[in-house]
Amino acid sequence: MKNNDFDYIASKFNAENINSPKKLSEENIKAKLEKGTSADKIIKFKPNNRRFVKGALSVAAAIALVVVSLTAANHYNESRIEKAPTNTNVEDASSDIRYFNSYDEIDSLMKKKLKKSEKDIFVKNFGAKSTVKSETAESAYDGLGSTGAAPSHSQTYKQVDAVDEADIVKTDGEYIYYLSSGEEEIVISSAKNGKTKRISAIKLKDNSNPLEFFIKDNTLVIISTEENYNRKKEHFSSKTNISTFDIKDKENPKREYDYSQSVHYSSSRMIGNCVYLVSDFSNYAYIKNECIPCATGTDGEFEKIDVKNICAIKDSEDTGYTVIGAMDITNGDKAKKTKAVIGSASNVYCNENNLYIAGQTYDYKSDYLASKCIIVKYSLDKTDIKLVATGKVNGDVKSQYSMDEKDGYFRIATTKHTQNGRDINVLYILDEELDEVGRVNGFAKNEHIEAVKYIGDMAYVITYERTDPLFIIDLSKPKNPEILGEVKISGFSTMLVPINEKTLLGIGYSTEENDFGESINGLKLALFDISNPANPRVIGEKEIEGAESSVQYEPKALVVNSEKNYFALPATFDDYENPGALVFKADNGKIEILRKFVSDKLVTSERCVYIDDDIYVIDTYEEIIDSFEV
């Protein structure tokens, strides 16, 4: 069923004997549409990571209120009176978690949630009386990965040093591995002295779509999705898969282990030999016994997750699941476990010990579409994953880099949309049980968060409206965090990278005023002096007009060469037409452009890696690799 299939919604209303108010009748709705839509009902979007940052609003945006996912949620007060769980085979249940003793209990809960969700969303869509402000932009990213890259080759830029992240391009210093988005296969190419040669390619099943991968020693781990059509039931089913390959012989990779779970890929991490897979399983319509997520068991069968490993967050009306799987790539036949929680997964933060899943839930009864973030915390011990706490904060989370953990405290920055149509930002500090202990409330009003970087007891937050303020927040006293200082700059950064204890690099967008308002006009690099937190300063800026880079929205595209002290990023220059790469230094308070490489081979420029003195730039769709020496 599509989200805007109103015939389906009407049939559900009829089946449940739900009557809409007279003012929502077909005749009245038609009359209102013929009269037009008043200006105060236009939905205001705040574009982000788009070509135009602020521009004219369209009346057509008002219809976006109708196209809403049925997995959205609101307050779930009824569930707070549920009986205490009797399932003794699971970890101790807190007051915020409901466990189940049978699949029938889950079916019953899902049926209630779906019926309530359909009714609330229908009434909200057609009965809204006030302006709604929502943020529809793609996520911006920030953070520092491993600056201690191996001497001879680059590593994937990641949020936590000890936790690897999957990507579409990787290198081990001798070979370059990349996902061919055109052929949907993983290509292995040798690379030496700026020359590359295709060695082999790994193709999955015809109905599988590879998304990202890990490299661990001589094992390639591919994350993919798989679509299957059930002719008897006339619907598609989806899986997210892990497939491991032995690549000691690069010409003849050998498939080793496979693991699958429901349904759509959200994120993944790798710690040591263990891969942690997070996926979303949405229920758009109630079908008895088909609202249970599945996973590959130790017997190799794709079957329902054991009921003892499924739970629900009591204050969420979400009708979907987050599925969390763990697999040891050295013993994938036996070393794998899966758990599921009823609730959505929007962003994932993971360190060596804990995995946090943040999912957005919306109150469709509120006049301003109030948003809350439900947080679920899992402890990690190889394939042993255990739910240990849940929590809730107000507002939207920008990305995984808005979250961090230190000394048992979880820090999370959000943007909250208020009833008067203004944005405010909040940085929360939660304890090990995910209970709030402190917050910095309501800073940068009517601006939204673009980037966050946590360094020790400090948080550096970039917000944006027309200028780019950098806030320095002291978190050393979790119960009493405070803003120490701020500085403004034109444009905005979407990524913050520590250079040293005194300097912070911002990578983002330059902007300009035009007839449409304010629009993006290129790539911007900025250096911030943070040595005095009470008085941060901008000490260097570089703008490259007509340039853009995938680093502006994907931090894994940044290359850090700590040995030779330079940064590299894939880029397109000259009004976004000429692909290549940009190499620069950020040292001694200055930004120095070392090389602006424009390729005559590439069609696009998505990633770059370095091996020894050479930088290789990859167009993954056309399967073209170009190189230059630094």
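In this text, all values refer to a predicted model and were calculated from it rather than measured experimentally.

This paragraph deals with the confidence of the model for the protein chain. Chain-level statistics for the protein chain give a pLDDT mean of 81 and a share of 75% at 70 or above. Every residue in residues 1-94 is under pLDDT 50, and counting partners more than four places away or in other chains gives 182 contacts. Taken together, the stretch residues 118-151 has pLDDT below 50 and engages in 128 contacts with residues farther than four places along the chain or on a different chain.

Moving on: the packing of aromatic side chains. Scanning the model with the defined rule gives nine aromatic pairs in all. Aromatic side chains Tyr175 and Tyr177 sit 6.5 Å apart centroid to centroid with 50° between the ring planes, which places their arrangement in the tilted category. Classification of Tyr177 by relative accessible area gives buried; the value is 0%. Aromatic side chains Phe567 and Phe584 sit 5.4 Å apart centroid to centroid with 20° between the ring planes, which places their arrangement in the stacked category. On the criterion of sequence distance, the pair formed by Phe567 in strand β37 (residues 566-573) and Phe584 in strand β38 (residues 578-587) is long-range, its members being 17 residues apart.

A word on the environment of Ser266. Relative to the helices and strands, Ser266 resides in strand β13 (residues 264-271). Take Ser266: its relative accessible area is 26%, and that puts it in the partly exposed class. Residues Ser266 and Ser344, 78 residues apart in the sequence, show an inter-C-alpha distance of 9.9 Å. For Ser266, the contacting residues outside a window of four places in its chain are Val278, Ser279 and Ala345.

A few words on the sheet that holds strand β27 (residues 436-443). With respect to topology, four strands assemble into an open sheet ordered β24-β25-β26-β27, the strand pairing being antiparallel. Whereas interior strands pair on both sides, the edge strands pair on one side only; in this sheet they are β24 (403-406) and β27. Put simply, the sheet's adjacent strands are angled 20° from each other on average, direction ignored. The pairing of strand β26 (residues 423-430) with β27 spans five bridges and is classified as antiparallel. If you follow Asn425 over to β27, its bridge partner there is Phe443.

Turning next to the pairing of strand β20 (residues 347-350). Of the two faces of β20, the one lined by Asn347 and Tyr349 and the one lined by Val348 and Cys350 are each fully buried. Where β20 and strand β21 (residues 354-363) come together, four bridges link them in antiparallel fashion. Among the inter-strand pairings, Tyr349 is bridged to a residue of β21, identified as Tyr356. Between β20 and β21, which follow one another and run antiparallel, lie three residues.

To continue, consider the side chain of Arg411. Mapped onto the elements of the fold, Arg411 is located in strand β25 (residues 409-417). Polar contacts involving the side chain of Arg411 include one to the side chain of Asp404, which spans 2.7 Å. Within the local environment of Arg411, its side chain forms a polar contact with the backbone oxygen of Gly456, the two atoms lying 3.0 Å apart. When near neighbours in sequence (up to four residues on either side) are disregarded, Arg411 contacts Ser402, Met403, Asp404, Glu405, Lys406, Tyr428, Ile429, Tyr454, Gly456 and Leu475.

Right, let's talk about the pairing of strand β17 (residues 310-313) for a bit. Covered by surrounding structure in β17 are Ile310 and Ala312 together with Cys311 and Ile313, the residues of both alternating faces. Strand direction decides the pairing type here: strand β3 (residues 97-99) and β17, joined by three bridges, are antiparallel. Its bridge partner being in β17, Arg98 is matched across the sheet by Ala312. Pairing between β17 and strand β19 (residues 336-342): three bridges, direction parallel. Bridging across to β19, Ile310 finds its partner in Ala340.

The rules we used
Residues numbered from 1 in each chain as written. Predicted model: local features only at pLDDT ≥ 70, side-chain atom pairs only at ≥ 80, totals over all residues. Heavy atoms only, no water. pLDDT = per-residue confidence, 0-100. Contact = heavy atoms within 4.5 Å. Phe/Tyr/Trp six-rings, centres within 6.5 Å; stacked < 30°, edge-to-face > 60°. Buried < 20%, exposed > 50% of the residue type's maximum accessible area, 1.4 Å probe, protein only. Helix = DSSP H or I, 4+ residues; strand = E, 2+ residues; numbered from the N terminus. Pairing = 2+ DSSP bridges. Axes fitted to C-alpha atoms, helices over the stretch in contact; angles between N-to-C directions. Polar contact = N/O pair within 3.5 Å; in protein donor to acceptor, adjacent residues only side chain to side chain.

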